[in-house]
Structure formats: structure tokens, C-alpha cells
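Fold and contact review
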Amino acid sequence: MQLTVRDKATGERIGSVAVARRDDVARAVDRAAQAFPGWSQIPVVERTRRLFRYADALERYREELALSVSRENGKTLDDARAEVRRGIEAVEFACGMPSLMMGDALPDVARGIDSISLRYPLGVCAGITPFNFPAMIPLWMFPLAIAAGNTFVLKPSPQTPLTSEMLCEVARGCDFPAGVLNLVHGEAATVEALIDDPRVAAISFVGSSGVARAVQERALRAHKRVQALGGAKNYVIVMPDAANDATCSAVIGAAFGGAGQRCLAGSVLVAVGSAGDVLAPMLIDAAAKLRLGRGADSATEMGPVVSAEALARIRGYVERARAAGAEMLLGGGEIPNEGTFAAPIIFDRVDPESELARDEIFGPVLAIVRTESLDEAIAIANRSRYGNASSIFTRDGGAARAFASRIEVGMVGINVGIAAPMAFFPFGGVKESIFGDLRCHGKDAVAFYTQQRVVVSRWPS
Ligand code: NAD
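Definitions and limits used
Per chain, residues are indexed from 1 in the order of the written sequence. Predicted model: local features are reported for residues with pLDDT of at least 70 only, side-chain atom pairs are reported and counted for 80 or more only, and whole-chain, interface and lining totals are derived from all residues. With hydrogens and water stripped out, all remaining heavy atoms of the structure feed into the side-chain values. For Phe, Tyr and Trp, rings pair up if their centres lie within 6.5 Å, where Trp contributes its six-membered ring, and each pair is then called stacked (planes under 30 degrees apart), edge-to-face (over 60) or tilted (otherwise). Note on conventions: DSSP H or I runs of at least 4 residues are helices, E runs of at least 2 residues are strands, and numbering of each starts at the N terminus. Type-normalised accessible area, obtained with a 1.4 Å probe on protein chains alone, sets the label of each residue: buried when under 20%, exposed when over 50%, and partly exposed for intermediate values. Here a residue counts as near a molecule or strand whenever at least one of its heavy atoms sits within 4 Å of it. Whenever a nitrogen or oxygen atom comes within 3.5 Å of another N or O atom, the pair is scored as a polar contact, on the condition that within protein one atom can donate a hydrogen and the other can accept it, and that pairs from neighbouring residues in sequence are kept only if both atoms are in side chains. Surface accessibility in these figures is a Shrake-Rupley result with a 1.4 Å probe; residues are shielded only by whichever protein chains are displayed. Polarity classes work like this: nonpolar for Ala, Val, Leu, Ile, Met, Phe, Trp, Tyr, Cys and Pro, charged for Asp, Glu, Lys and Arg, and polar for all others, with Gly in that last group. The source of the domain bounds is an automatic or database domain assignment. We call two residues contacting when some pair of their heavy atoms lies within 4.5 Å. Buried area: the accessible surface (1.4 Å probe) lost by two parts on joining, summed over both. Think of a salt bridge as a Lys or Arg side-chain nitrogen and an Asp or Glu carboxyl oxygen that are within 4 Å of each other. In short, DSSP must find at least two bridges between two strands for them to pair. A helix is expected to reach a length of 1.5 Å times the quantity of its residues less one. Definition used in this section: a nonpolar core is a set of buried Ala, Val, Leu, Ile, Met, Phe, Trp, Tyr and Cys residues joined via side-chain atoms within 4.5 Å. Structural elements are reduced to axes, namely lines fitted to C-alpha atoms, with helices fitted over the stretch in contact, and the angle between N-to-C directions of any two is expressed from 0 to 180 degrees. To sort the angles, those under 35 degrees are grouped as roughly parallel, those over 145 as roughly antiparallel, those from 65 to 115 as roughly perpendicular, and the leftovers as oblique.

1. Quick look at the packing of aromatic side chains
Overall, the coordinates contain eight aromatic pairs when judged by the stated rule. Where Trp39 meets Phe176, the ring centres are 5.9 Å apart and the plane angle is 65 degrees; that geometry is what we call edge-to-face. Separated by 137 residues along the polypeptide, Trp39 in helix H1 (residues 22-41) and Phe176 in the loop between helix H7 (162-172) and strand E7 (181-183) bring together distant segments of the chain. Residue Trp39 shares its accessibility class with Phe176, and that shared class is buried. Here the aromatic rings of Phe448 and Tyr449 are separated by 5.1 Å at their centres, their planes lie at 80 degrees, and the arrangement is edge-to-face. Put simply, the rings of Trp39, Tyr54, Phe142, Phe152 and Phe176 touch in pairs and so form one group of aromatic residues.

See below:
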């Protein structure tokens, strides 16, 4: 069976990939398992030499990669370029594996006894990725896993598989032995075949929370190492002292960038005191001016959403909210005829317990919730079942400090709308935004892709 891939702005067919059946998955894992003993024994400095080449090659192809991301995902070319840049940074981080994999040593832990800790690769690792970052999220996974001496099978989103094809194609010119990096396509059945294969030692997953939970449960039943990053609902708190143009533009970027299809999307603005009265008209004005269109057109500021199903889901939320009497300040507007476009929508005075303020809508819908105090704003955010990211906008250091220490998320922004950690810091949240303890990239990922071993030694004198 073939999966057809379309340009999300025009609906035009841009390619297709073959769905891997259970025996295709087994063959990919077989290749990875065969390659593991040889690859893991190549010294880490030689492994990372290939990754330096890979980072260089990705630089050369970065515009093609960005175009591929923009077409199959729909995001603007500038967004796609930024994503490819973040992905290359993850490869650059993986190039530091000789230092990252180093263990600890302590001589004379007892009389005549020394102790060292070492890190070894796990074996075959698998990665399952979502549609919203077709270049960056695969690059969070396989470069680090491979640099640590593992081999890898990647299963990208069926909605955006072509960029992964390019990432693997570029890797082919960088001297990785056959079987080190493998690609399979498909949906749930392909993922299940990967998790169930006894030769797969570890599963990295990024996607929605329901699937993340199911992937974690299935992997744990087979006693596998698993990190499964899930969905999000991110609250942006604005204090009255920060209700200004800069905050407005940061909130617009956080809410509508990538058409709201980011796990770091700031989709609820919790306006404290007078901040709502000042910001609401500014946000309406700015959102109404956003130009929708094909990501590759330089005038475009917001692309389409990923599919007709996504569009229907978003419309469902908007219609239910309106039927329940929610105050819609902005909605509709000019949308292109083709593709799956959703115009920016803003609701004000949203009930903080409504589905508009609690569910991950994953589209260009901003809910404004009004509160009287920072304490109340933090309490609203902390009642979310998700805990990916949250930001505060303020000029008050005390408020920022209280927020950073009390907000229950993994990524905190202070006067930054999208608090995206760079490749050397861990990326991930808490609560239903993650299933598993170790996050993606940073030292967490090094720990995830390696097995620690402690050696205690005594030598007769
Ligand atoms: P998704 O959960 O639908 O799909 C993610 C991956 O899982 C895809 O490769 C898909 O083929 C596979 N999959 C789908 N259903 C499956 C099933 N039943 N069993 C096994 N595998 C299955 O997510 P999506 O729509 O591609 O991406 C959007 C979601 O990803 C949002 O919820 C977003 O918040 C989340 N996300 C989270 C992060 C993070 O860092 N926490 C980053 C990016 C995206």
C-alpha cells in the first residue's frame, strides 16, 4: 500500500511512500541489528566524524530541506528554515558525543579499590515522529542515538514522510555503514510492529498524548526503554506592566505561528488585571492582518493546517464554543480557496475550565482568560492535565521568579513566547506531556540512548 503525500496549501500530490508491513519492519530491524556490533565498536571519535560530515551535508541541503518541510507540512518557509537550523544544531550537539558519553571515575572508593562508570550503546533504537516538525524531531533522535553507537529505525509521520526520506538520503553520502540508519513508513500497525520486535531495545516517540501513553504502555509491557513526549496546552500569563506591542507580537507568534500546530503553541492568554483590556484590541488588529497562503510565498505569514480532519476538529471546537456562548472577537477572514486553511480566531473572557481553555486544539485558536492576580493565573495553568511549557510577560522580577518556581511545566519562558530549549538542554514537559522520565535532546537524550555500567576494581599488589 502507498501513502500519498500532498502539498498542504494546494492539495497537489507531491509524492508517495510505501507502507511497511510487519515483515518489512522485521527486515529493517534485521538490518539495524546486523549493523550494531560493527558500528558500536567503531571508536566514538570515528562515529562522530561521520556526524560532522552529516552536519556539513545538511547545511548544503538546508534550503531543499526547508522547501520540503514547507510543502508537506504547510508552514512558512522562514519557519521551515528555522526548524532545519534547530535540527542541524541537534546534529552538532551529537558531534560532541566523545565528551557526552564520558563516565565518572573515583579512585580509592575503599582501600585499594577504584570505581568507574561507563556508558555503552543499547542496540537497535526506534523513533516515531509527528507531522509538525518533519525535519527537527527526527534530527532530535537518530543523530544522538547513532553517535552513541546505536543503530536506528525511523518511522516518521505518514503526513510528512518526504523530509525524512531526504534526511536519510543526505546521510547516505556520509559514510555510515549500511544498516546504521533505516527508514520505514506507515501508521499504528507499523509502530506496533516496531515496538513488538524483540530486537528493538528502545523507543523514542513524539506525538499526541493518547498515542504517547499507548506507546509507552506497549513498550513497557515488553520491558523496553521508552521516552514518549505527548501533547500540550501552553498558558501565556501577561501581567499589566507588560501589556505592550512587544508582548502582543510575541503572543501572536506563539498562538498563530505554524498555524497553532506546535507543541509549544501559546494557545491560552491568561491576562492579569488590566492586561486583557489593553491587549485584546491589539491582538485582534494584529491577527486580522496575518496573511494566509502557501508557505513558500514570501508574503505568507500563516500556512494551512495539516489536513481536512484537523480543519474539521478545529471548526468543531469553535462551533461548540460559540454555541455555548463564548465571546468570539475575531474569526473567519480571507482564506485561500484550495488547501486546508483555518483563519486565526480569538475568543475573549473564556471560562478557564471550558474545553477551549483545556483541550489541545492544535490550530490557530487563541483563548483569552481574564484573572485578577498572578496567583490565580498560575493556579489556572497548573490545573491543566498537560505541562509542556508556559510563559510570563512582566517587568517585575519578583513575579517572574514566583512564576518560574511555581508553574508546573518542563519549559518556562520569561518574556519569551516560545520557550524552546536549544539542542544542549533537555526538551520536554511534565504530566500528560510526557510518558517516561528522560526527555529529548540534551544530556537526558544521552542518558536515554546509553546504558550505564559501573566497574569496581581491585588489583593485587
Ligand atoms: P500523532 O500522535 O497523531 O502521531 C504521531 C506519530 O504516531 C505518527 O508517526 C503516527 O503515525 C503515529 N501514530 C498515530 N497513531 C498511532 C497509534 N494508534 N499507535 C501507534 N502509533 C501511532 O501526532 P501528530 O498529529 O503527528 O502530531 C501532533 C501532536 O504531537 C500534538 O499533540 C503535539 O502537541 C505533539 N507534539 C509534541 C511535542 C513535544 O515535544 N511534546 C513535539 C511535537 C509535537
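2. As for the site of the ligand
Around the ligand there are 27 residues in total, and Thr129, Lys155, Ser208, Gly230 and Glu360 lie nearest to it. Contact between the ligand and Gly207: an oxygen atom at 3.3 Å from a main-chain N or O atom of the residue. Contacts to the ligand include Glu360, whose side-chain N or O atom sits 2.6 Å from an oxygen atom. About the coverage of the ligand: the protein hides 85% of its 850 Å² of free accessible area. Where the shell around the ligand is concerned, the elements lending two or more residues are helix H8 (188-196) and strand E8 (200-206). Taken together, the residues of the shell around the ligand break down into 16 nonpolar, nine polar and two charged. Two domains each donate at least three residues to the shell around the ligand, and these are domain 1 (2-230 + 433-458) and domain 2 (234-414).

3. Considering the side chain of Asp7
The residue Asp7 is located in the loop between strand E1 (2-6) and strand E2 (13-18) in this model. Accessibility expressed as a relative area gives 3% for Asp7, which makes it buried. If near-sequence neighbours (up to four positions away) are discounted, Asp7 is found in contact with Glu12, Ile14, Arg71 and Arg294.

4. Let's talk about the domain arrangement of the protein chain
In terms of domain boundaries, the protein chain breaks down into domain 1 (2-230 + 433-458) and domain 2 (234-414). Listed as interface residues are 18 residues of domain 1 and, on the opposing side, 25 residues of domain 2. At the boundary of domain 1 with domain 2, total buried surface from both sides reaches about 1,700 Å², with 55% on carbon and sulfur atoms. Put simply, Asp79 and Arg262 hold a salt bridge, and the shortest N to O gap is 3.1 Å. Along the contact surface separating domain 1 from domain 2 lie seven residue pairs in polar contact (both at pLDDT 80 or more). When residues of the side of domain 1 that touches domain 2 are traced back to their parent elements, those giving at least two are helix H3 (62-73) and helix H4 (77-94). Its residues assigned to classes, the side of domain 1 that touches domain 2 shows four nonpolar, nine polar and five charged.

5. Here's the deal with the pairing of E1
The side-chain alternation of E1 yields one buried face, formed by Leu3 and Val5, and one unburied face, formed by Gln2, Thr4 and Arg6. Inspection of the sheet shows E1 paired to E2 by five bridges, in the antiparallel sense. Note on E2: the bridge partner recorded for Thr4 is Ser16. Between E1 and E2, which pair antiparallel and follow one another directly, the connecting turn spans six residues, one of which, Gly11, has a positive phi of 80 degrees.

6. A look at the environment of Asp277
Along the chain, Asp277 turns up in helix H11 (residues 275-288). Spatially, the C-alpha atom of Asp277 lies 17 Å from that of Ile392, the residues being 115 residues apart in sequence. Beyond its immediate sequence surroundings of up to four residues, Asp277 is in contact with Arg349 and Arg370. Within the structure, Asp277 has its side chain in polar contact with the side chain of Arg370 (distance 2.7 Å).

7. Looking at helix H6 (residues 136-147)
In an α-helix, one turn spans 3.6 residues, which is why side chains three or four residues apart end up on the same side. Across its twelve residues, H6 extends 17 Å between first and last C-alpha, which sits within 8% of the 16 Å expected from 1.5 Å per residue. Burial within H6 is extensive, with twelve of its twelve residues counted as buried. Within the sequence span of H6, burial applies to Met136, Ile137, Pro138, Leu139, Trp140, Met141, Phe142, Pro143, Leu144, Ala145, Ile146 and Ala147. Looking one or two residues beyond H6, the residue adopting positive phi is Gly149, at roughly 105 degrees.

8. Observations concerning the nonpolar core
The biggest cluster of nonpolar side chains holds 64 residues, and the ones touching the most others in it are Ile237, Phe256 and Leu283. Setting aside chain neighbours within four positions, we find Leu283 in contact with Cys248, Val251, Ile252, Leu269, Ile346, Leu366 and Ile368. Core analysis: the next-biggest nonpolar cluster, separate from the first, contains 61 residues, Cys95, Ile137, Leu139 and Cys263 among them.

9. Digging into the sheet that holds strand E3 (residues 105-110)
Spatially, the three strands line up as an open sheet ordered E3-E4-E20, and their pairing is antiparallel. A strand with exactly one partner marks an edge of an open sheet, and here the two such strands are E3 and strand E20 (450-458). Each adjacent strand pair in this sheet contributes to an overall mean axis angle of 30 degrees, direction not counted. Where strand E4 (residues 113-121) lies against E20, nine bridges are found, and the strand directions are antiparallel. In the sheet register, Ser117 faces E20, and the bridge partner there is Val454.

10. Section: the packing of H4 against H6
Running from amino to carboxyl end, H4 crosses H6 at an angle of 10 degrees, the nearest separation of the two axes being 8 Å. Comparing the axis directions of H4 and H6 gives the class roughly parallel. Where H4 approaches H6, its residues Glu83, Arg86, Gly87, Ile88, Ala90, Val91, Phe93 and Ala94 are matched on the opposing element by Met136, Leu139, Trp140, Pro143, Leu144 and Ala147.

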